[in-house]
Each structure stands twice: as C-alpha cells, then as structure tokens.
Amino acid sequence: MYFSGNIKLLRKRAKRTQDEVASALNIKRSTYSGYENNIAQPAMSILIKISEYFQTSIDILLKSNLTELGEKELSQIEKGYDEFLAGNQLRVLVTSVDSDNEENIELVNEKAKAGYKSGFADPDYIRILPTFRLPFLSKQKKYRTFQISGDSMLPIPDGSWVTGEFIQDWKSVKDRDAYIILTVEDGIVFKVTENLIEESQMLRLYSLNPEYEPYEINIKDIKEIWKFVNFISPEIPEPEPEKEIENSIRELRKDVREIKEKLAKHSTNA
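Notes on the structure follow. (Residues numbered from 1 in each chain as written. Predicted model: local features only at pLDDT ≥ 70, side-chain atom pairs only at ≥ 80, totals over all residues. Heavy atoms only, no water.)

### So, the overall build of the chain
Piece 1. Within the chain, the regular secondary structure consists of 10 helices and 9 strands.
Piece 2. Within the span of the chain, comprising 270 residues, buried residues form 40% of the whole.
Piece 3. Long-range pairs, those at least 24 residues apart, make up 62% of the contacts in the chain between residues at least 6 apart in sequence.
Piece 4. Within the structure as shown, the chain displays about 15,700 Å² of accessible surface, and the carbon and sulfur contribution to it stands at 51%. (Helix = DSSP H or I, 4+ residues; strand = E, 2+ residues; numbered from the N terminus. Buried < 20%, exposed > 50% of the residue type's maximum accessible area, 1.4 Å probe, protein only. Contact = heavy atoms within 4.5 Å. Areas by Shrake-Rupley, 256 points an atom, 1.4 Å probe, with all protein chains shown as cover.)

Structure (structure tokens):
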C-alpha cells in the first residue's frame, strides 16, 4: 500500500503541517505522524476522515502511488476528479454474511438512516443492522434495503422499503432509472437520475412527484449508489389517473387565483 507516502505528499502540496491536519481530524499529532511514517494504520472511521480531508478516494490513497503522477494528474485528484470518484473502479463495501457465508440484505430503517450516514463503512455498525433474504434476487450481486420517508417519490408511499443493488461503476448509472444514493449532506435520498458524470462530474436528481424540482449533486458529495430493484409497502400506491386529476385541480385553482388577483388589480386601478 502507498497510504503513508500519499498522505504526506498531499499534505505538503496543500502546505499544511501535521499539527493542522491532526487538528482537523480531531486526533493527536503523534498519531497522525505515525500514519505518515508507516508505523501505525488508521481505523476505518479515521481513514474516511482523511479521505474527506484530502478530497481523495480511499482507493486512491491505498492503491495508487501518487509520487509517480505528473502535475496534471495530481491537480485532478486534488480537485476530487480522480478515476475512482469518477466511477470506473472498484469500491470497498462493508457487508455482512449469514451462517452459510452468503451475503445478507441489511435493513436500514428510518431511525437507522442518520447513523448510516457516518457508519456505512464501519463493520461494527453494519453488523448490528437487521437482515433478511429475498430468494428471487441474484446471489451474485449485493443488495441493501432502505426505508424511505416523505412524498417526493409518490406513487411509492411514505415509509416504503426500497431495495437496491450496489453499483461499483458510477458511470454505469442510467438516465431515467431510480437509485438510492448516500450523500454527504442529505444522507440517503431516493431519486430518478440523469448521468452527467462525463460532462460535469454531476448527477441530476429527479423526484417522481412533480411538485419537487430536480437538482444536481457533484459526485464528490456521494458515498454510495444503489440501483433500485423493488419496493415493499403495506399501502397500495395511488392510481395515476387520480393523481392526474389532483394535479389538474391544483392547476385550475392556481388559474382561478391568478384571475381573481388580476380582476382585483384592475378594479383598484379603475
């Protein structure tokens, strides 16, 4: 591994002292110095913090010898546009297995979502999540199930359980498909995507509910992507015609309100 040399190089290029980096990571300077001198290895939680501090993927920090790269490549990595973040290399996923050594489908319920935002790469956290199996899913792929909240993805009801397939290559994200995405700021979001990675290192996220506006997110602010495969809900989704009627009524009320405002304005001016 090239970890110790890589973080030393990135720190010096950023013109930071060991004290400054250690303070940002909330660890002792001697502990951080041990990482740079290859006499100690960080825990996964600290490794994630170091990755975020240098805006460089864990894969790059561990597997690539940055001292062999040119200025252009290093600048790209420091801006967060490395090949791993761009989505075409292997990502490390913490998972759990059953007594037969087969991967579980972990359940992340509404209460656990806040913890998942920081514990997604922590084996101890993943180990305590409840698990289940869906026999009709492929054993060759990794799945995880998340409980969604809110009405942004109606007709999929609030409180539904959505199961996703882990995506290693983010460039394979397809337009108009739905994905469960772990983001730095908002935690878990469930959206339909438009892949803009090649053009701008972005994903554009859409809700099924037209009341919500689409927005873009930089892949630097994404931790995991899971492709939607199914959902489980105790509620029956509303039929689309009924939703269309609601939208029509809403638009009609808006039109009536605008007409009333124009009439009132005209009456005042008269």
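### Considering the side chain of Ser160
Piece 1. Within the secondary structure, Ser160 is located in the loop between β3 (143-147) and β4 (161-166).
Piece 2. What Ser160 contacts, discounting residues up to four positions off in sequence, is Phe146, Gln147, Ile148, Phe231, Ile232 and Ser233.

### As for the side chain of Lys142
Piece 1. Looking at the element boundaries, Lys142 is found in the loop between β2 (131-132) and β3.
Piece 2. The class for Lys142 is buried, based on a relative accessible area of 9%.
Piece 3. From its side chain, Lys142 meets the backbone oxygen of Asn104 in a polar contact 2.6 Å long.
Piece 4. Not counting chain neighbours up to four residues away, the residues in contact with Lys142 comprise Leu93, Thr95, Glu103, Asn104, Glu106, Gly164, Glu165, Phe166 and Trp226. (Polar contact = N/O pair within 3.5 Å; in protein donor to acceptor, adjacent residues only side chain to side chain.)

### Quick word on the nonpolar core
Piece 1. Ranked by internal contacts, the top residues of the largest apolar core, which has 24 residues, are Val108, Tyr116, Phe146, Ile180, Ile188, Phe190 and Trp226.
Piece 2. Elements with a minimum of two residues in this core: α8 (123-128), β4, β5 (178-183) and β6 (187-196).
Piece 3. Each residue touching Val108, except ones within four places of it in the same chain, is listed here: Lys113, Tyr116, Leu129, Arg144, Thr145, Phe146, Gln147, Trp161 and Ile188.
Piece 4. In this structure, Val21, Tyr32, Leu47 and Phe54 belong to the second largest nonpolar core, which totals 19 residues. (Core = buried A, V, L, I, M, F, W, Y, C linked by side-chain atoms within 4.5 Å.)

### A look at the packing of helix α2 (residues 18-25) against helix α4 (residues 44-53)
Piece 1. Two numbers describe how α2 lies on α4: the axes approach to 10 Å, and their chain directions differ by 120°. Viewed along their axes, α2 and α4 adopt a mutual orientation that is oblique. When the axes of α2 and α4 are compared, the crossing they make is right-handed. Only Lys49, Ile50 and Tyr53 of α4 make contact with α2, whose side of the interface consists of Val21, Ala24 and Leu25.
Piece 2. Per-class residue counts for the contact of α2 with α4 are 5 nonpolar, no polar and 1 charged. (Axes fitted to C-alpha atoms, helices over the stretch in contact; angles between N-to-C directions. Parallel < 35°, antiparallel > 145°, perpendicular 65-115°, else oblique. Left-handed = near helix turned anticlockwise from the far one by under 90°. Nonpolar A, V, L, I, M, F, W, Y, C, P; charged D, E, K, R; others polar.)

### Observations regarding the pattern of salt bridges
Piece 1. Using the criterion set out here, one finds 15 salt bridges in the structure.
Piece 2. Here Glu198 and Lys171 are joined by a salt bridge, their closest N and O atoms 3.6 Å apart. One end of the pair, Glu198, is in helix α9 (residues 197-200); the other, Lys171, is in the loop between β4 and β5, with 27 residues separating them in the sequence.
Piece 3. The class of Glu198 is exposed, set by a relative accessible area of 61%.
Piece 4. Salt bridges linked by common partners bring Asp98, Glu102, Arg133 and Lys139 together as one network. (Salt bridge = Lys/Arg side-chain N within 4 Å of Asp/Glu carboxyl O.)

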